[in-house]
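# Inside the fold
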Amino acid sequence: MKILFYIVLLSSIAAISCASTPKHAPQEDLPSENTPAPVSLEEAAPKEDELPAETTQTPIVDEKAEALAAFKALLSEVTLSVTATPSEVVATKAFASPYILTARFADGKPAQELSILVCAPQGRAEDGSVTYRMLELTTQEDGTVRFLPETPARACNDVVRFTPVIPALLTDSEEAEQLAQEKSVTAPFLVRTRLSRAGGVLALVDFTKSGAPIRSRSDSSSSLLTALMKKGFASVGNIDFTDQIASGSKDAVYKAAKQMLGSSCAYLVYGTVKYAAPVEKTDAGFVCTLTADVTCLTMKDGSLLYHTVIESSATEKQEGSALVSCRTALTQELSTQLYYGL
């Protein structure tokens, strides 16, 4: 009986155990279908381009803002002035003395070790335009910089400009550029022509109000000749190339001048003087406006020495007087440009 009881008891326990255990239970070390695949540490790390923009941009912006504020504060305390300027020279002759720039703080003390950008005329390009030389200088213990230009090869009427150097971090800043330019100062750069006594000819063609060339005379050439002689020009006179000048062909003008003059003179000044607008009658009088288009060539080979376009206006009670005053002002300006341009 006891044996039978134990058998029945064991059978009941086994039945209960089987009922509480599910069939085909999954093993713990096998992944289920919904379990994500394992990810490596390298793959899980954030990409560089996913980092917030502030982590790389903010320090640069702050650094530029601080540099701009410091540059602005410095310039507000500094005054620049040109305290010495050399006298004008003849082309091919050296300047006798340097330009001197002085930088001082508001309290009068010299601004030492201040970087200054110097921009000065250096020569002329083939089209006659001025070319420039730029260099950086540093103020000395007395707050000065000295600049002696190279010996000029050509005549020139321009300026030397002194400008505070913009810090490297702010070279793309429009505000820093404006601050530096507002603080810049200039001094005259004057080199007169060496051809004033070399001999030359003038050929200006005047035009009527209707636009026709005047062949009988040239009042503008005569007025220019007088103005040049007052500036010390010698061995210069008038010549007539009306047809060639009116054609607008530089080659035709030079060919005619070369056939007539050969190598007897150094330069040729030619061009046109026309009405820029109809003469206007106003309450103040008659207003006359003329424009001159003038070219200067070397007679040696016809190369360009100088070119300019000038406009002048005058008002007088009589129309004839307005024309004379306007022409005189025009040729006076032209003579000055030739004095510093040939």
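Above: the structure in question.
Residues numbered from 1 in each chain as written. Predicted model: local features only at pLDDT ≥ 70, side-chain atom pairs only at ≥ 80, totals over all residues. Heavy atoms only, no water.

Take the sheet that holds strand 7 (residues 156–164) next. Here we have five strands laid out as an open sheet, ordered 2-8-7-4-5, and mixed in their pairing. In this open sheet, the two strands that pair with only one neighbour each are strand 2 (89–90) and strand 5 (130–138). Summarising the sheet, strand 4 (residues 115–124) and strand 7 pair through four bridges and their orientation is antiparallel. Across the sheet, the residue bridging to V118 is F162, located in strand 7. Together, strand 7 and strand 8 (185–192) form the strand contacts of helix 4 (residues 174–183), whose direction differs from that of strand 7 by roughly 125°. (Pairing = 2+ DSSP bridges. Helix = DSSP H or I, 4+ residues; strand = E, 2+ residues; numbered from the N terminus. Contact = heavy atoms within 4.5 Å. Axes fitted to C-alpha atoms, helices over the stretch in contact; angles between N-to-C directions.)

Per the counting criterion, the structure on display carries four aromatic pairs. Summarising the aromatic geometry, the rings of F95 and F189 are spaced 5.3 Å apart at their centres and angled 50° between planes, so their arrangement reads as tilted. You can see F95 sitting in the loop between strand 2 and strand 3 (99–105) and its partner F189 sitting in strand 8, a full 94 residues away along the chain. (Phe/Tyr/Trp six-rings, centres within 6.5 Å; stacked < 30°, edge-to-face > 60°.)

This next bit is on empty space enclosed by the protein. Tallied over the full model, the rule gives one cavity of 30 Å³ or more. Size it by volume and the largest cavity reaches roughly 130 Å³. Lining the largest cavity we find 16 residues, and of these P121, Q122, G123, P152 and F189 sit closest to its centre. Among the elements of the structure, strand 4 and strand 5 are those that each provide at least two residues to the lining of the largest cavity. At five residues, strand 4 tops the list of elements feeding residues into the lining of the largest cavity. Classifying every residue of the lining of the largest cavity gives ten nonpolar, two polar and four charged. (1 Å grid on protein atoms, 1.4 Å probe; cavity = no way out; pocket = protein on both sides within 12 Å on 5 of 7 lines; lining within 4 Å. Points joined across faces, edges and corners; volume = space filled by probe spheres on them. Nonpolar A, V, L, I, M, F, W, Y, C, P; charged D, E, K, R; others polar.)

Here we take up the nonpolar core. Counting residues in each nonpolar core, the largest one holds 29 residues, and the members touching the most others are L224, Y267, V269, L338 and L342. Of all the secondary structure elements, the ones that give two or more residues to this core are strand 9 (200–206), helix 5 (219–230), strand 11 (267–275), strand 13 (285–298), strand 14 (304–316) and helix 8 (319–339). If we ignore the near neighbours within four places in the chain, the residues touching L224 are L202, L204, V269, T331, L334, S335 and L338. Among the nonpolar cores identified, the runner-up in size contains 24 residues, and I116, L135, F189 and V191 belong to it. (Core = buried A, V, L, I, M, F, W, Y, C linked by side-chain atoms within 4.5 Å. Buried < 20%, exposed > 50% of the residue type's maximum accessible area, 1.4 Å probe, protein only.)

So, about the environment of R192. Along the chain, R192 turns up in strand 8. Classification of R192 as partly exposed rests on a relative accessible area of 26%. Distance from R192 to C156, taken between C-alpha atoms, is 6.5 Å for residues 36 residues apart in sequence. In contact with R192, not counting residues within four places along its chain, are E88, V89, V90, A91, A155, Y339 and Y340. For R192, the side chain forms a polar contact with the side chain of E88, separated by 3.2 Å. (Polar contact = N/O pair within 3.5 Å; in protein donor to acceptor, adjacent residues only side chain to side chain.)

These figures come from the coordinates and say nothing about function on their own.
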